[in-house]
Amino acid sequence: MTGTRYLVHGVFWDAADDAGAPVLRLQSPDGEFRQLGLHAGERLGFEVVGPGKSCLGHVVVRSAARRDHILCATGEPAARGKQCERCFMLDESRLMHDFHRGGRVTPGLRDYLMQEHWLYVATFAGGATKVGTASGPRKWNRLAEQGAAAARYVARAEDGRVVRILEDMVTSEAGLTQQVRSAAKADALLQPLPPRQLDAINTRAAGQVRALLARAAVDGFETVEEQWLRPARADALHGTGAFRHAYPHPLDAGRHGFDLAAVSGPNALARLDGTDAEFVVNLSQLAARTIVPGNYASAVPALQESLF
């Protein structure tokens, strides 16, 4: 892979249980996808090249079991986060968020949305807690990719319309947000709360949501009590005691290289050459950027005293 330019699509957890391993998904110049394993003890080195972010293309949903990723036809710069204007408008995945409000969907997306969905309550390293949804096949992966510290499934819905009605109701009546910013998740991992405290926060929030759902005048779901199993590869990032530092270099340019100690969601616990300090690297910042993998090393900050 050395010397070849790859467009980064992000960090994904592709396995279906807590033994799953994260990968950095890369798109080669010929449009093929490669996966770079993010295993503890291994080295991750790369150079960020190019003037900015490039469009990652768009998704076409064919059925409940199949979705196709269509590459950007013209290789445009990203205008809306990770997409050009054309790909943003063609992306069918964005339509699912308005399906329960009567929004238009394609036949393939309708098939996807009509399968079983789950409602969950997730708590992150700093205690921030959110409500969210996942399709049956992505039940475990969804929470792994978000980097939850603790989570519980609170309802099983017959389809994606019902589960999104429940999600909106929980936000409106219980005050749980539907989004926690990526930067906030990374910052919280610098000094995470104790696991027992986070589990207590999640248990309490999940109980409140179940009580709310028990009074809901909505058909097509049942409440459940099921704990999500966090991937073992993330445990070291959620442990307490060791002081960590934010990775000192922006990921929009330059050469970077470090040893991986753990990964939670898109965040890596890294060790830089020449120091015993540990750093939290938010790898989601690489999405839509072009990198060249290689044997590089991140510079240790000149004034190390400022880190401690």
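All of these numbers come straight from a predicted model, not from anything done at the bench. (Residues numbered from 1 in each chain as written. Predicted model: local features only at pLDDT ≥ 70, side-chain atom pairs only at ≥ 80, totals over all residues. Heavy atoms only, no water.)

Peer 1: Account for the layout of surface pockets, naming residues and giving values.
Peer 2: As a volume, the second largest pocket reaches approximately 250 Å³. Taken together, 17 residues form the lining of the second largest pocket, with Leu7, Gln27, Ser28, Pro29 and Thr290 sitting closest to its centre. Considered class by class, the residues forming the lining of the second largest pocket number seven nonpolar, seven polar and three charged. (1 Å grid on protein atoms, 1.4 Å probe; cavity = no way out; pocket = protein on both sides within 12 Å on 5 of 7 lines; lining within 4 Å. Points joined across faces, edges and corners; volume = space filled by probe spheres on them. Nonpolar A, V, L, I, M, F, W, Y, C, P; charged D, E, K, R; others polar.)

Peer 1: How would you sum up helix H4 (residues 160-174)? Please name residues and give values.
Peer 2: In this model, H4 (15 residues) spans 20 Å end to end at C-alpha, consistent with the 21 Å of a helix rising 1.5 Å per residue. Along H4, the positions that sit buried rather than exposed are Gly160, Val162, Val163, Arg164, Leu166, Glu167, Met169 and Val170. For H4, the elements touching its buried residues are helix H2 (107-113), strand E7 (117-123), strand E8 (129-135), strand E9 (150-157), helix H6 (195-214) and strand E10 (221-227). By the N-cap criterion, in which a side-chain oxygen at the helix start approaches the backbone nitrogen of a residue two or three places on, H4 is capped by Asp159, the distance to Arg161 being 3.0 Å. Just downstream of H4 lies Gly175, where phi reads positive at about 80 degrees. (Helix = DSSP H or I, 4+ residues; strand = E, 2+ residues; numbered from the N terminus. Expected span 1.5 Å × (residues − 1). Buried < 20%, exposed > 50% of the residue type's maximum accessible area, 1.4 Å probe, protein only. Contact = heavy atoms within 4.5 Å. Polar contact = N/O pair within 3.5 Å; in protein donor to acceptor, adjacent residues only side chain to side chain.)

Peer 1: Residues and numbers for the pattern of salt bridges, please.
Peer 2: Evaluated as defined, the whole model comprises 13 salt bridges. Asp273 is the partner of Arg43 in a salt bridge, and the nearest nitrogen-oxygen pair spans 2.8 Å. Within this pair, whereas Arg43 is found in strand E4 (residues 43-49), its partner Asp273 is found in the loop between strand E13 (267-271) and strand E14 (278-282), the two being separated by 230 residues in sequence. The salt bridge involving Glu116 is made with Arg156; its shortest N-O contact spans 3.8 Å. (Salt bridge = Lys/Arg side-chain N within 4 Å of Asp/Glu carboxyl O.)

Peer 1: How would you explain H6 if you had to name every residue and give the values?
Peer 2: In this model H6 runs 28 Å from its N-terminal to its C-terminal C-alpha over 20 residues, within 8% of the 28 Å that 1.5 Å per residue would give. Leu198, Ile201, Asn202, Ala205, Ala206, Val209, Arg210, Leu212 and Leu213 are the residues of H6 that are buried. Looking straight down H6, one finds its buried side chains confined to an arc of 165 degrees; they lie on one side. For H6, the exposed residues lying more than 90 degrees away from the buried face are Arg196 and Ala214. Here the buried face of H6 lies against E7, E8, E9, H4 and E10. (Arc of directions from axis to C-beta.)

Peer 1: Lay out the nonpolar core with the relevant residues and their values.
Peer 2: If you look at the biggest cluster of nonpolar residues, it comprises 38 residues, and the most contacted ones within it are Phe258 and Leu283. Examining the composition of this core, we find that four residues originate from one element, strand E1 (residues 6-13), more than from any other. Apart from the residues lying within four places of it in its own chain, the contact partners of Leu283 are Val11, Leu38, Leu44, Leu251, Phe258, Pro266 and Ala268. Counting 20 residues, the second largest nonpolar core, distinct from the first, contains Val154, Val162, Leu166 and Leu176. (Core = buried A, V, L, I, M, F, W, Y, C linked by side-chain atoms within 4.5 Å.)

Peer 1: Summarise the pairing of E9; cite the residues concerned and give the values.
Peer 2: Most of E9 sits inside the fold, with seven of its eight residues counted as buried. With seven bridges connecting them, E7 and E9 associate as antiparallel partners. Counted as the bridge partner of Val121 is Arg152 from E9. As defined by bridge partners, E9 adjoins E10 across five bridges and the pair is classed as antiparallel. When the bridges of E10 are listed, Arg152 appears paired with Gln227. (Pairing = 2+ DSSP bridges.)

Peer 1: Describe empty space enclosed by the protein, with residues and values.
Peer 2: Considering all chains together, one arrives at one cavity of 30 Å³ or more under this definition. In this structure, the largest cavity encloses a volume near 40 Å³. Together, Phe124, Ala125, Gly147, Lys185, Ala188, Leu189 and Asn267 line the largest cavity. A breakdown of the residues in the lining of the largest cavity according to their chemical character gives four nonpolar, two polar and one charged.

Peer 1: Describe in detail the packing of H4 against H6, supporting the description with residues and values.
Peer 2: The interhelical angle for the contact between H4 and H6, taken along N-to-C directions, is 110 degrees, at an axis separation of 11 Å. As judged from the angle between their axes, H4 and H6 are roughly perpendicular. Taken as a pair, H4 and H6 cross one another with a handedness that is right-handed. Here Leu166, Met169, Val170, Glu173 and Ala174 of H4 come into contact with H6, specifically with Val209, Leu212 and Leu213. Its residues assigned to classes, the contact of H4 with H6 comprises seven nonpolar, no polar and one charged. (Axes fitted to C-alpha atoms, helices over the stretch in contact; angles between N-to-C directions. Parallel < 35°, antiparallel > 145°, perpendicular 65-115°, else oblique. Left-handed = near helix turned anticlockwise from the far one by under 90°.)

By themselves, these figures tell us nothing about what the structure is for.
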